[in-house]
Amino acid sequence: MERKGISYTFAVPKSVQGFGVFVYKLMGFKEQIDLSRLPEHIAIIMDGNGRWAKNQGKFRGVGHESGVLSVKDIMEGCVEIGVKHLTLYAFSTENWNRPIEEVNFLMELLISTINQETETLTKNNIKLNAIGNIASLPQRCIDDLNSAMQKTENNTSCTLTLALSYSAKWEITDAARKLAQQVKDGLISVNQINEEAFAAQLTTTNIPDPELMIRTSGEHRISNFLLWQMAYTELYFTDTLWPDFRSEDLYEAIVDYQKRERRFGKISEQLN
Ligand code: FPP
């Protein structure tokens, strides 16, 4: 005999429904994340180190040092839930225009952090990657970066990409120059230049485009970061200053991202 589905309707007392909402609110953001719909790639503009230090009457460098603690926490937070790519805007092309003392401080901090954290990256199975005009960095920085990237190249849990001496306009111009050279050398024809060919010349060629970009410190700008790659990225802005930003803030951003409908130019009805 064919069994027909029977649906039951239970009257749930209002007090119990209220308790459910209460429990949901008690849950941390991490527990609210749907792990089957995680963004594969999260990009972050880490902003607010200077203001954080100033608020405490401290030298800007203290803000950058505290920012390193956030980097570690966010990195671990990504590994914990299974985010495969994290890209951090650590030093922009425009940052070279800061006072020389701050530029030197940031370069030294970068070198010491890379050297101190390579072992932790290995332990957590994290691969280190760098994008940007790496050749413009101090030689010691280039050498230590290359060594750390080599040591972690076979790691698979997550790829941490540092954008260093990076600007999207620099990257796009560089890609255009490389394609022009290939045409000039007769390697490709003008008609072969399409979106795929262009993307293949970008520094992010082996990384998927970010689904989510977070900027801290209340600034609502993209600041020359991943302009090509963020064509359809969901943007999330928070007032929290970078040195205060922790995994729970990251998870809050992911929960917010998961509530959004990503239509990619289609209409809602086409998505289901
Ligand atoms: C922006 O804050 C932050 C930077 C320009 C540098 C970010 C660097 C770190 C977090 C430390 C080093 C990072 C790694 C990956 C080792 P800001 O100085 O512009 O702050 P403000 O807008 O309040 O002045």
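What counts and how
Residues numbered from 1 in each chain as written. Predicted model: local features only at pLDDT ≥ 70, side-chain atom pairs only at ≥ 80, totals over all residues. Heavy atoms only, no water. Pairing = 2+ DSSP bridges. Helix = DSSP H or I, 4+ residues; strand = E, 2+ residues; numbered from the N terminus. Axes fitted to C-alpha atoms, helices over the stretch in contact; angles between N-to-C directions. Contact = heavy atoms within 4.5 Å. UniProt positions renumbered as here; feature names shortened; annotations may be inferred. 1 Å grid on protein atoms, 1.4 Å probe; cavity = no way out; pocket = protein on both sides within 12 Å on 5 of 7 lines; lining within 4 Å. Polar contact = N/O pair within 3.5 Å; in protein donor to acceptor, adjacent residues only side chain to side chain. Parallel < 35°, antiparallel > 145°, perpendicular 65-115°, else oblique. Left-handed = near helix turned anticlockwise from the far one by under 90°. Nonpolar A, V, L, I, M, F, W, Y, C, P; charged D, E, K, R; others polar. Expected span 1.5 Å × (residues − 1). Buried < 20%, exposed > 50% of the residue type's maximum accessible area, 1.4 Å probe, protein only. Points joined across faces, edges and corners; volume = space filled by probe spheres on them.

Colleague: Can you help me understand the sheet that holds strand S5 (residues 212-215) in this one?
Modeller: Overall, parallel pairing links the 6 strands, which are arranged S3-S4-S2-S1-S5-S6 in an open sheet. At either margin of the open sheet sits one strand with a lone partner, and together these are strand S3 (126-131) and strand S6 (234-237). When the angles between neighbouring strand axes are averaged without regard to direction, this sheet yields 20°. Bridge count between strand S2 (residues 85-92) and strand S4 (residues 158-166): 7 bridges; the pairing is parallel. Considered in S4, the bridge of Leu88 is made with Leu162. Across the face of the sheet, helix H4 (residues 60-81) comes into contact with strand S1 (41-45), S2, S3 and S4 while running at roughly 160° to S2.

Colleague: It is not clear to me how the UniProt feature "active site" (unreviewed entry) in the protein chain should be interpreted in this structure. Could you clarify?
Modeller: Residues given the UniProt feature "active site" (unreviewed entry) here are Asp47 and Asn95. Across 49 residues of sequence, these annotated residues stay compact in space, with a maximum C-alpha separation of 12.2 Å. Those annotated residues lining the largest pocket are, specifically, Asp47 and Asn95. Tracing the chain through its elements places Asp47 in the loop between S1 and helix H3 (49-55). Ignoring anything within four residues of it in the chain, the contact list for Asp47 reads Arg215, Thr216, Ser217, Glu219, Leu241 and Trp242. A distance of 3.0 Å separates a polar atom in the side chain of Asp47 from a polar atom in the side chain of Arg215. By the element assignment, Asn95 lies in the loop between S2 and helix H5 (100-123).

Colleague: Any chance you could explain the packing of H4 against H5 here in plain terms?
Modeller: Helix-helix packing is described using two parameters, namely the angle between the two axes and the distance between the axes. Direction vectors running N to C along H4 and H5 enclose 30°, while the axes themselves pass 11 Å from each other. Considering the angle they form, H4 stands roughly parallel to H5. Crossing of H4 over H5 shows right-handed handedness. For the pair H4 and H5, the contacting residues are Arg60, Gly61, His64, Glu65, Val68 and Lys72 in the first and Glu102, Phe105, Leu106, Leu109, Thr113 and Glu117 in the second. Among the residues forming the contact of H4 with H5, the class breakdown is 4 nonpolar, 3 polar and 5 charged.

Colleague: How should I be thinking about helix H9 (residues 247-258) in this particular structure?
Modeller: Along an α-helix, a turn takes 3.6 residues, which lines up residues three or four apart on a common side. For H9, spanning 12 residues, the distance from its first C-alpha to its last is 16 Å, which sits close to the expected 16 Å at 1.5 Å a residue. H9 sits mainly inside the fold: 9 of its 12 residues count as buried. Close packing links the buried residues of H9 with helix H2 (29-32), S1, H4, S5 and S6.

Colleague: Honestly, the packing of H4 against H9 in this entry has me stumped. Any pointers?
Modeller: Relative to each other, H4 and H9 sit at 55°, their axes nearing to 8 Å. Compared by their axis directions, H4 and H9 come out oblique. Here H4 and H9 pass one another in a crossing that is right-handed. Every residue of H9 that contacts H4 at Asp73, Ile74, Gly77, Cys78, Glu80 and Ile81 is listed here: Ser247, Leu250, Tyr251 and Ile254. Per-class residue counts for the contact of H4 with H9 are 6 nonpolar, 2 polar and 2 charged.

Colleague: Help me out: how do you make sense of the layout of surface pockets in this one?
Modeller: Left-over empty space is what a probe sized like a water molecule reveals as it rolls over the atoms. Estimated volume of the largest pocket: approximately 930 Å³. Along its surface, the largest pocket is lined by 45 residues, and Met46, Asn49, Tyr89, Ala90 and Phe91 are the ones closest to its centre. Listed by contribution, the elements that provide at least two residues to the lining of the largest pocket are H3, H4, S2, H5, S3 and S4. If one sorts the elements of the lining of the largest pocket by residue count, H5 sits on top with 10 residues. Its residues placed into classes, the lining of the largest pocket shows 21 nonpolar, 13 polar and 11 charged. For the second largest pocket, the calculated volume is near 330 Å³.

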